Amino acid sequence: MSWSGLGAALGAPPTSLALYRITLGTLLFAELFLRFNYLHPFYSDEGTLPMRLLGAEIDPIYRAVCLHCYSGSMLYEQVLLGMQCAAALCLAAGFCTRFMAIVSWFLYLSLTLRNTWLAFILDRYFHYLLFYAMLLPLGDVWSVDSWLSSKEKKGSSSEQPS
């Protein structure tokens, strides 16, 4: 494959996109894993912003987008954050890459909307990077997706009569 001309100006090699996916998934997992320490003080009903205070201030669209606003119990928040961590690991591994990028972006948006007092510039960068991940072909190389598709191609080519 030649990497020159318009493709070089507007594109990126698949290996660099794979590094982007792996790095983004790993950093997202680390950031989410560290947030487990702060679930009780910042995201539960016993913390700084309980749902009884937040619920009166939000509109139906906000409530529909923010899954973390459905309940303020610790168990609910732990399950959601665990799902986010699993989605970040799947993104890093390249398993159902596009779907995991969408899930990660949506759940991260929901997490930051739950307590906007904690929205830092890192959160905005993660929103941007995860949004770009939804649009890029990140699962083409060094991923479970590419391994499964190559295995499927080998299986279908060996089944065809010659």
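What you see is a predicted model, and the numbers here were worked out from it, not measured in a lab.

Draft legend 1. Just the overall build of the protein chain, in detail. Tallying secondary structure elements over the protein chain gives 9 helices and 0 strands in all. Seen in sequence order, the protein chain has helices and strands lined up from the N terminus as α-α-α-α-α-α-α-α-α. Counting only contacts in the protein chain whose residues sit at least 6 apart along the sequence, the fraction spanning at least 24 positions is 74%.

Draft legend 2. Local environment of a nonpolar patch on the surface. Judged by side-chain polarity, F120, I121, L122, Y125, Y128, L129, F131, Y132 and L135 come together as a nonpolar surface patch covering roughly 940 Å² of accessible area. Tracing the sequence through the fold places L122 in helix α8 (residues 121-135). On the accessibility criterion, L122 (42% relative accessible area) is partly exposed.

Draft legend 3. Representation of the packing of helix α2 (residues 14-35) against α8. At a minimum axis distance of 11 Å, the contact between α2 and α8 shows a crossing angle of 140°. With respect to α8, the element α2 is oriented oblique. Once α2 is placed against α8, the crossing between them reads as left-handed. Between α2 and α8, the residues in contact are Y20, L24, L27, L28, E31 and R35 and L122, D123, F126, L129, L130, Y132 and A133, respectively. When its residues are assigned to classes, the contact of α2 with α8 shows 10 nonpolar, no polar and 3 charged.

Draft legend 4. Just α8, in detail. For α8, with 15 residues, the first-to-last C-alpha span of 22 Å sits near the 21 Å given by 1.5 Å per residue. Listed in full, the buried residues belonging to α8 are D123, F126, H127, L130, A133 and M134. Down the axis, α8 shows its buried residues gathered within 130° of arc, on one side only. Of the residues in α8, the exposed ones pointing more than 90 degrees away from the buried face are I121 and L135.

Draft legend 5. Seen up close, the nonpolar core. If you look at the biggest cluster of nonpolar residues, it comprises 21 residues, and the most contacted ones within it are L24, L28, L32, L91, Y108 and L130. Every element with two or more residues in this core is listed here: α2, α3 (39-43), α6 (74-93), α7 (97-114) and α8. The greatest single-element share of this core, amounting to 5 residues, is contributed by α6. Discounting chain neighbours no more than four positions away, the residues touching L28 are A88, S104, Y108, F126 and L130. The next biggest cluster of nonpolar side chains, apart from the first, holds 7 residues, and it includes L49, M51, C69 and L113.

Draft legend 6. Main features of unusual backbone geometry. Of note, C96 is a non-glycine position whose phi angle comes to about 50°, a positive value. Position of C96 relative to the elements: it lies in the loop between α6 and α7.

Each value, and the rule that gives it
Residues numbered from 1 in each chain as written. Predicted model: local features only at pLDDT ≥ 70, side-chain atom pairs only at ≥ 80, totals over all residues. Heavy atoms only, no water. Helix = DSSP H or I, 4+ residues; strand = E, 2+ residues; numbered from the N terminus. Contact = heavy atoms within 4.5 Å. Patch = residues over 30% accessible without salt bridge, like charges linked within 9 Å, V, L, I, M, F, W, Y side chains within 5 Å. Areas by Shrake-Rupley, 256 points an atom, 1.4 Å probe, with all protein chains shown as cover. Salt bridge = Lys/Arg side-chain N within 4 Å of Asp/Glu carboxyl O. Buried < 20%, exposed > 50% of the residue type's maximum accessible area, 1.4 Å probe, protein only. Axes fitted to C-alpha atoms, helices over the stretch in contact; angles between N-to-C directions. Parallel < 35°, antiparallel > 145°, perpendicular 65-115°, else oblique. Left-handed = near helix turned anticlockwise from the far one by under 90°. Nonpolar A, V, L, I, M, F, W, Y, C, P; charged D, E, K, R; others polar. Expected span 1.5 Å × (residues − 1). Arc of directions from axis to C-beta. Core = buried A, V, L, I, M, F, W, Y, C linked by side-chain atoms within 4.5 Å.

Read these as layout, nothing more, since geometry by itself doesn't imply function.
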